[in-house]
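Structural overview for review
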Amino acid sequence: MSERRILVIGSQCQALSQLGFLPQAAQELYRVMIDPERGACVSALEGEGLLIDPTVRDTKDAIKKAYRRAAKDEATLFIAYIGHGERADEDFYLLPQDAE
C-alpha cells in the first residue's frame, strides 16, 4: 500500500469574524489523521503538516510542496482546509489570514 500524506490548514481571515472552533478543530483532525490506527497518514510536509492561520503565500507554498512531495513519493495526498472561504459562481476560494 502506498503512503498516505496529510496537510491540514486551519485559517481565519483577519477581515472576517472569528471562528470559535478554530484552531482546535484543525488540530483534532490532524491528530486523528496521523494516528496509525485511524487515519494512518504522515505529514505532507517536512515537519508537521498542520498550519494554523497561515498567510496566503504560506498557504500556496505549503500546498505546492505537499503536491510535489506526494507526487515524487507516489503517495496519496489529503488536503483539508477548515476556515473562511468564499464561493463565486462555480469557484470556491480559500481565505487565509491575510486574504483580501
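The paragraphs below set out a description of the structure included in this document. (Residues numbered from 1 in each chain as written. Predicted model: local features only at pLDDT ≥ 70, side-chain atom pairs only at ≥ 80, totals over all residues. Heavy atoms only, no water.)

Looking at the environment of Gln 97
- Here Gln 97 is to be found in the segment after strand 6 (91–94).
- Taking relative accessible area as the criterion, Gln 97 reaches 24% and is therefore assigned partly exposed.
- Placed 38 residues apart in sequence, Gln 97 and Thr 59 show a C-alpha to C-alpha distance of 9.5 Å.
- Residues in contact with Gln 97, not counting those within four places in the same chain, are Ser 11, Gln 12, Cys 13, Gln 14, Asp 53, Pro 54 and Thr 55. (Helix = DSSP H or I, 4+ residues; strand = E, 2+ residues; numbered from the N terminus. Buried < 20%, exposed > 50% of the residue type's maximum accessible area, 1.4 Å probe, protein only. Contact = heavy atoms within 4.5 Å.)

A short note on helix 2 (residues 56–73)
- Taking 1.5 Å of rise per residue, the 18 residues of helix 2 would be expected to cover 26 Å, and the 26 Å separating its terminal C-alpha atoms lies within 8% of that figure.
- Buried within helix 2 we find Thr 59, Ala 62, Ile 63, Ala 66 and Ala 70. All buried residues of helix 2 fall inside an arc of 95 degrees around its axis, so they share one side. Residues of helix 2 that are exposed and angled more than 90 degrees away from the buried face: Arg 57, Lys 60, Lys 65, Arg 68, Ala 71 and Lys 72.
- Considering only its buried residues, helix 2 is in contact with strand 1 (4–11), strand 3 (50–52) and strand 4 (76–83). (Expected span 1.5 Å × (residues − 1). Arc of directions from axis to C-beta.)

Concerning helix 1 (residues 24–34)
- Turning to helix 1, its buried residues are Ala 26, Tyr 30 and Met 33. The buried side chains of helix 1 occupy one side of the element, clustering within an arc of 65 degrees when seen end-on.
- On its buried side, helix 1 packs onto strand 1, strand 2 (42–43), strand 3 and strand 4.

What about the pattern of salt bridges?
- One pass over the structure, following the stated rule, counts six salt bridges.
- The partner of Asp 35 in a salt bridge is Arg 38, with the nearest N and O atoms 3.6 Å apart.
- Members of the salt-bridge network, linked through shared partners, are Glu 3, Arg 5, Lys 72 and Asp 73. (Salt bridge = Lys/Arg side-chain N within 4 Å of Asp/Glu carboxyl O.)

Considerations on the pairing of strand 1
- Judged by how many residues are buried, strand 1 sits mostly within the fold: seven of eight residues are covered.
- Sheet topology note: the strand 1/strand 4 ladder contains eight bridges and is parallel. Paired with Val 8 across the strands is Ala 80, a residue of strand 4.
- In the sheet, strand 1 pairs with strand 2 via two bridges, with the strands oriented parallel. Along strand 2, the bridge assignment pairs Ile 6 with Ser 43.
- Traced from strand 1 through helix 1 to strand 2, the parallel crossover comes out right-handed. (Pairing = 2+ DSSP bridges. Right-handed = clockwise from strand over helix to strand, strands pointing away.)

As for the environment of Gly 10
- Its location among the elements puts Gly 10 in strand 1.
- Under the relative-accessibility criterion, Gly 10 is labelled buried at 2%.
- Spatially, the C-alpha atom of Gly 10 lies 21 Å from that of Thr 76, the residues being 66 residues apart in sequence.

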